[in-house]
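# Secondary and tertiary structure notes
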Amino acid sequence: MPTQEHMKQVLQAYIDAFNAGDAAAITGLYAEDAVVEDPVGNPQLVGRAAIEEFYTGAIAGGAKLGLDGPIRGSHGDRAAMAFTIDVPGLRIRAIDVMTFGADGKIVRMDAHWGPDDIEKT
C-alpha cells in the first residue's frame, strides 16, 4: 500500500499539472484501467484515454484549481482534497477522493460536488 506521504504528493502533483495545463501528466498519475466519476452520479470514465480526454477538455475550458485546505491522507489506500475549481463565469467547490493501487497509481477518483456547490462569478 502506498504511504500517506506518497498519496499526498500525488494529489499535489495532480493540482500542479492541472494548473500547468498538462493533461498528459495528470493522466500519468492514473493506472491504465483507472475509473473517474466526476461528479459522483455521472457516468464513469474508464481507462487512461477517456481520462486524458476529460482533463484535456477541462483544461481547454480555462479551469484552474486551488486547494481549500491541506491534502488529507488516511490509514488506508485513499487520500482526499477539498478545492475550488474556477472556470470563467463559475466557481465549483469540490472534494476529490482518490483510491490508490499497490503501485502508487490512482485506480479510482470520485469527485464530490453537486448543484449547491456551484456559484456564478
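Residues numbered from 1 in each chain as written. Predicted model: local features only at pLDDT ≥ 70, side-chain atom pairs only at ≥ 80, totals over all residues. Heavy atoms only, no water.

Under an unreviewed UniProt entry, the name given to the protein chain is Steroid delta-isomerase, and the source organism is Actinomadura darangshiensis.

### Re the pairing of strand E4 (residues 78-87)
In plain terms, the rule: A pair of strands is considered paired only if DSSP assigns at least 2 bridges between the two. Numbering of helices and strands runs from the N terminus; a helix is a DSSP stretch of H or I covering at least four residues, while a strand is a stretch of E covering at least two.
Bridging between strand E3 (residues 64-67) and E4 involves four bridges; their strand directions are antiparallel. Its bridge partner being in E4, Lys-64 is matched across the sheet by Asp-86. Sheet analysis places E4 next to strand E5 (residues 90-100), joined by 10 bridges and oriented antiparallel. Residue pairing for E5: Ala-80 is matched across the bridge by Val-97. Taking the residues that link successive antiparallel strands as the turn, the E4-E5 hairpin has two residues, and the phi of Gly-89 there is positive, at about 90°.

### A short note on the pattern of salt bridges
Charged atoms that come close allow side chains of opposite charge to pair. For the record, the criterion: By convention in these notes, a salt bridge is any Lys or Arg side-chain nitrogen within 4 Å of a carboxyl oxygen on Asp or Glu.
The final tally for this structure, using the stated rule, is six salt bridges. The residue Arg-108 makes a salt bridge to Asp-110 at a minimum N-O spacing of 3.0 Å. Several salt bridges share partner residues, and in doing so they unite Glu-37, Arg-108 and Asp-110 into one network.

### Comments concerning the pairing of strand E1 (residues 30-37)
Put simply, the rule reads: Buried, partly exposed and exposed residues are distinguished by accessible area as a fraction of the type maximum, computed with a 1.4 Å probe on protein chains only: under 20%, between the cut-offs, and over 50%, respectively.
Summarising burial for E1: six of the eight residues are buried, a large majority. The pairing of E1 with strand E6 (residues 106-112) spans four bridges and is parallel. For Tyr-30, the partnering residue across the bridge sits in E6 and is Ile-106. Here E1 runs beside strand E2 (residues 45-46); their pairing, made up of two bridges, is antiparallel. Each residue of the ladder has a partner; that of Val-36, found in E2, is Leu-45.

### Structural notes on the UniProt feature "domain: SnoaL-like" (unreviewed entry) in the protein chain
Here is the rule: UniProt positions are given in the numbering used here, feature names are shortened, and annotations may be inferred rather than shown by experiment.
According to UniProt, the feature "domain: SnoaL-like" (unreviewed entry) maps to residues 12-109 in the numbering used here. Taken end to end, residues 12-109 comprises 27% helix and 40% strand; its first and last C-alpha atoms sit 14 Å apart.

### Side note on the layout of surface pockets
The condition that has to hold: Think of a 1 Å grid over the protein atoms and nothing else: a 1.4 Å probe that fits but is trapped marks a cavity, an open set flanked by protein within 12 Å on at least five of seven lines marks a pocket, and residues with an atom within 4 Å of a point count as lining. Grid points are joined across faces, edges and corners, and a volume is the space filled by probe spheres set on the points. Note on residue classes: Ala, Val, Leu, Ile, Met, Phe, Trp, Tyr, Cys and Pro are nonpolar, Asp, Glu, Lys and Arg are charged, and everything else, Gly too, is polar.
Of the voids in this model, the largest pocket is the one considered here, and its volume is about 220 Å³. Asp-38, Phe-54, Ala-58, Ile-85 and Trp-113 are, among the 18 residues lining the largest pocket, the residues nearest its centre. Elements supplying a minimum of two residues to the lining of the largest pocket: helix H1 (4-19), helix H3 (48-60), E4 and E5. Class assignment for the residues of the lining of the largest pocket results in 15 nonpolar, one polar and two charged.

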